[in-house]
Amino acid sequence: VYVIAVAAELVEMHPQTLRLYERKGLIKPKRSSGKTRLYSERDIEKLREIRRLTQELGVNLAGVEEIMRLRAELEALQARFEAEVARLKLLLLEKEEALGGG
C-alpha cells in the first residue's frame, strides 16, 4: 500500500487530484487508524486508467464515472456467467454418469 504522496507520484498526479477523485467516488482508498489514505495496487491501476481516460481520450469525470460503473457491472456479469457455465457443466457430467455414459 502507498500513502497519498507516493500514490500521486506513481500515477503522475497531484495529491489534490487524488482527493478530488475520492470525493467524486471514483476511488476509495483504505484508511489507517490515523485516517491516512492508503492506496492499494488496485487503486493505483484505477488511477492510471482514470488518467488515461481523462488525459489521453478527453473523457470528463462524469464519463469516467459511467465507464467505471459499466466496467464493474460487466465484470460482475462475467463472473455470474462463468459460475453458471461451471454449474451447467457439472450438471451435464452428473446426468451423463447417471445414464451410464461416464
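Summary of the structure given here.

What counts and how
Residues numbered from 1 in each chain as written. Predicted model: local features only at pLDDT ≥ 70, side-chain atom pairs only at ≥ 80, totals over all residues. Heavy atoms only, no water. Helix = DSSP H or I, 4+ residues; strand = E, 2+ residues; numbered from the N terminus. Expected span 1.5 Å × (residues − 1). Polar contact = N/O pair within 3.5 Å; in protein donor to acceptor, adjacent residues only side chain to side chain.

1. Side note on unusual backbone geometry
Right, so step 1: In this structure, E12 takes a positive phi of about 55 degrees despite not being glycine.
Right, so step 2: You can see E12 is positioned in the loop between α1 (4-10) and α2 (15-23).
Right, so step 3: Look at K35: it is not a glycine, yet its phi comes out positive at around 70 degrees.
Right, so step 4: One can find K35 in the loop between β1 (30-31) and β2 (37-38).

2. A word on helix α4 (residues 61-98)
Right, so step 1: Here α4 is 38 residues long and its end C-alpha atoms lie 55 Å apart, about the 56 Å a rise of 1.5 Å per residue gives.
Right, so step 2: A distance of 3.3 Å separates the backbone nitrogen of A62 from a side-chain oxygen at the start of α4, and that oxygen is part of N60.
Right, so step 3: Just downstream of α4 lies G100, where phi reads positive at about 80 degrees.

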